[in-house]
Amino acid sequence: LSAPAPLLSAVVSVRKSLAGAPMATSKKIEEKYQKMLKEIQKRPENRHCFDCSGRGNQYVVLNYGVFVCTTCSGIHREEQHKIKSVGMSTFSTEEIKALERGGNGTAKSIWLAKATQSEGQPPPEGDIPKIRAHIKAKYTQKRWYDEGGAPPPA
């Protein structure tokens, strides 16, 4: 299966903007974007960890634009994914914009697009071997991935 060219271009653009975007320098701008980030974090689809059943969402996996808990952020770090803390890191304008377009809801429609209801259920919080296997199946093996599963970002 191949994704429509505009969607593929949008996903590539989001990934590039998340990977190496310059940091906001002005304190006022930083505060504005921190407020925006907190609003994005509070959306219903972003209130829980995307990769386990945990309620934590204090980290962002920039590679995929998802909110995760502390345990899952550690597993993503093992996989060399770029992680930022919502409360302790500075996010670039491009990173905030990408999260505005993305988040756990959009990621679900892409990374879990082909999952059955039982496959799409995140592993229990604290079950590190199952979480690690789920993260590898989801992102490395792209077991349930369908790039065309989500509408293109606005």
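Calculation criteria
Residues numbered from 1 in each chain as written. Predicted model: local features only at pLDDT ≥ 70, side-chain atom pairs only at ≥ 80, totals over all residues. Heavy atoms only, no water. Core = buried A, V, L, I, M, F, W, Y, C linked by side-chain atoms within 4.5 Å. Buried < 20%, exposed > 50% of the residue type's maximum accessible area, 1.4 Å probe, protein only. Helix = DSSP H or I, 4+ residues; strand = E, 2+ residues; numbered from the N terminus. Contact = heavy atoms within 4.5 Å. Phe/Tyr/Trp six-rings, centres within 6.5 Å; stacked < 30°, edge-to-face > 60°. pLDDT = per-residue confidence, 0-100.

Trainee: Give me the lowdown on the nonpolar core, citing residues and values where you can.
Mentor: Residues Phe50, Val66, Val68, Cys72, Trp111 and Tyr139 are the most contacted members of the largest nonpolar core, which totals 22 residues. Sorting the residues of this core by element identifies strand 1 (59-61), strand 2 (66-68), helix 3 (70-78), helix 5 (104-111) and helix 6 (128-140) as the ones contributing at least two each. For this core, the element with the highest residue contribution is helix 6, accounting for four residues. With near-sequence residues (within four places) excluded, Cys72 lies in contact with Cys49, Asp51, Cys52, Ile131 and Ile135.

Trainee: Lay out the packing of aromatic side chains in plain terms, naming residues and giving numbers.
Mentor: Overall, the coordinates contain four aromatic pairs when judged by the stated rule. Relative to Tyr139, the ring of Tyr64 has its centre 4.1 Å away and its plane inclined at 20°; by these criteria the two rings are stacked. Of the two residues, Tyr64 sits in the loop between strand 1 and strand 2 while Tyr139 sits in helix 6, which places them 75 residues apart along the sequence. Given a relative accessible area of 17%, Tyr64 falls into the buried group. We classify Tyr139 as buried; its relative accessible area is 4%.

Trainee: Break down the confidence of the model for the chain for me, citing the residues and quoting the values.
Mentor: Per-residue confidence for the chain averages 84 on the pLDDT scale, and 81% of its residues sit at or above 70. Across residues 7-12 the pLDDT falls below 50, and counting only partners more than four positions away or on other chains, this stretch makes eight contacts in the model.

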